[in-house]
Amino acid sequence: LSGPRRFIWEADDFSLLQSIMELFHGDVNVPVSIHNALKKICEYFSVEQALISEYQLKQELACITYSYTESESPQLVQTVLVQPLDMVKGYDDLFNEHGIFCTNDLEIVNGKCPYVYNSLKYSGIKSMVNIAFTEKEKFLGFLSVNDFKSARVWTDNELHLLKAITSFLHHVIINYNR
């Protein structure tokens, strides 16, 4: 994500954002709506997985709290993985000043966070983009979008769209957890 620039979103970009926001109108089941939002992200970007990882700082845990993986019968999956925060220490250092970490070279992760590298390596991910959740400059987790088929290069417009979606979902999660 480069410096200040105007980004021109296509009508489809706005449609995606709007369709995700509409999932949360009215009296809804928030976990199901988050799952459906992750599914829409996968479909829009033609990737196989989207997940949300939250850091529970008081309990010193890192949790994958919501996940959607394309399969023949995708199901709502909540709290897939819980691990001590020190096992993912260093992962937040991979994010740039805009709160983004994207790569199609997982070796980059190995030097900073070997535990995460090993799980990514064995999962078969070819490329990924992670957008951070932060509050008062504290790293609280991220949205991860993973491509298992190709070593994709993400455009600035795609990253801006994912940042907008991440910001919205972060606020949904904060309000839901209150």
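For the structure itself, consult the block above.
In what follows, the accompanying structure is described. Residue positions are given per chain, counted from 1 along the sequence in the order it is written. Whole-chain, interface and lining totals are the exception, using all residues; otherwise, since this is a predicted model, local features are given only for residues with pLDDT of at least 70 and side-chain atom pairs are given and counted only at 80 or more. Calculated side-chain values reflect all of the structure's heavy atoms, with hydrogen atoms and water omitted.

### Side note on the pattern of salt bridges
Working step 1: By definition here, a salt bridge exists when the distance from a side-chain nitrogen of Lys or Arg to a carboxyl oxygen of Asp or Glu is within 4 Å. In the structure shown here, the tally under the stated rule is 2 salt bridges.
Working step 2: Across the pair Lys149 and Glu48 runs a salt bridge, and its minimum N-O distance is 3.7 Å. Placement of the pair is Lys149 in the loop between strand 6 (138–147) and helix 5 (156–177) and Glu48 in the loop between helix 2 (30–45) and strand 1 (49–56), with a sequence separation of 101 residues.
Working step 3: Where Glu158 meets Arg152, a salt bridge forms, and the shortest distance between an N and an O atom there is 2.6 Å. Neither residue differs from the other here; Glu158 and Arg152 are each classed as buried. By definition, any uninterrupted DSSP run of H or I lasting at least four residues is a helix, any uninterrupted run of E lasting at least two residues is a strand, and each is numbered from the N terminus. Each residue is placed in one exposure class: buried if its accessible area under a 1.4 Å probe, protein chains only, is under 20% of its type's maximum, exposed if it is over 50%, and partly exposed if it falls in between.

### So, the pairing of strand 1
Residues in a regular strand project their side chains so that they alternate between the two faces of the sheet.
Working step 1: In terms of residue burial, strand 1 counts as a mostly covered element, since 7 of its 8 residues are buried.
Working step 2: Here 8 bridges tie strand 1 to strand 2 (residues 61–69), and the two strands are oriented antiparallel to one another. By the bridge assignment for strand 2, Ala50 is matched with Tyr68.
Working step 3: The hairpin turn running from strand 1 into strand 2, its antiparallel successor, is 4 residues long, and Glu60 in that turn takes a positive phi close to 55°. Strands are treated as partners if at least two bridges between them are detected by DSSP.

### Quick notes on the packing of helix 1 (residues 11–22) against helix 5
Working step 1: Relative orientation of the contacting elements helix 1 and helix 5 amounts to 10°, with a least axis distance of 11 Å. In this view, helix 1 runs roughly parallel relative to helix 5, as classed from their interaxial angle. Contacts from Asp13, Leu16, Leu17, Ile20 and Met21 of helix 1 reach helix 5 at Leu161, Ala164, Ile165, Phe168 and Leu169. Note on definitions: angles span 0 to 180 degrees between N-to-C directions of axes, and those axes are lines fitted to C-alpha atoms, for helices only across the stretch in contact. Oblique is the label for every angle not falling under 35 degrees (roughly parallel), over 145 degrees (roughly antiparallel), or within 65 to 115 degrees (roughly perpendicular). Any two residues whose heavy atoms approach within 4.5 Å are treated as being in contact.

### A look at helix 1
Working step 1: Over its 12 residues, helix 1 runs 16 Å from end to end, which matches the ideal 16 Å to within 8%, given 1.5 Å per residue.
Working step 2: When we look at burial in helix 1, the residues that qualify are Asp13, Leu16, Leu17, Ser19 and Ile20. Viewed end-on, helix 1 has its buried residues packed into an arc of 165°, placing them on one side of the element.
Working step 3: The elements touched by buried residues of helix 1 are helix 2 and helix 5. A helix's residues, less one, multiplied by 1.5 Å, set its expected span. This arc describes the spread of directions from the helix axis toward the C-beta atoms.

### A word on the nonpolar core
Working step 1: Nine residue types can take part in a nonpolar core, namely buried Ala, Val, Leu, Ile, Met, Phe, Trp, Tyr and Cys, and a core is a set of them joined through side-chain atoms within 4.5 Å. Counting 30 residues, the largest nonpolar core has Ile34, Leu38, Ile41, Ile52 and Leu162 as its most contacted members.
Working step 2: For Ile34, the contacting residues outside a window of four places in its chain are Phe24, Ile52, Tyr66, Val172 and Ile173.
Working step 3: Core analysis: the second largest hydrophobic core is formed by 19 residues, Ala62, Tyr91, Leu94 and Ala132 among them.

### Structural notes on the packing of aromatic side chains
Working step 1: When the centres of two rings from Phe, Tyr and Trp lie within 6.5 Å, Trp using its six-membered ring, the rings pair. Their planes under 30 degrees apart give stacked, over 60 give edge-to-face, and anything left gives tilted. This structure, assessed with the given rule, holds 11 aromatic pairs.
Working step 2: Relative to Phe45, the ring of Tyr44 has its centre 5.0 Å away and its plane inclined at 85°; by these criteria the two rings are edge-to-face.
Working step 3: Look at Tyr44 and you get partly exposed, because its relative accessible area is 29%.
Working step 4: For the pair Tyr91 and Phe142, a centre-to-centre distance of 5.4 Å together with 40° between the ring planes defines the contact as tilted. Taken as a pair, Tyr91 in the loop between strand 3 (77–84) and strand 4 (100–103) and Phe142 in strand 6 lie far apart in primary sequence, 51 residues in all.
Working step 5: Site record: aromatic cluster; members linked through ring pairs are Tyr55, Tyr91, Phe95, Phe101, Phe139 and Phe142.

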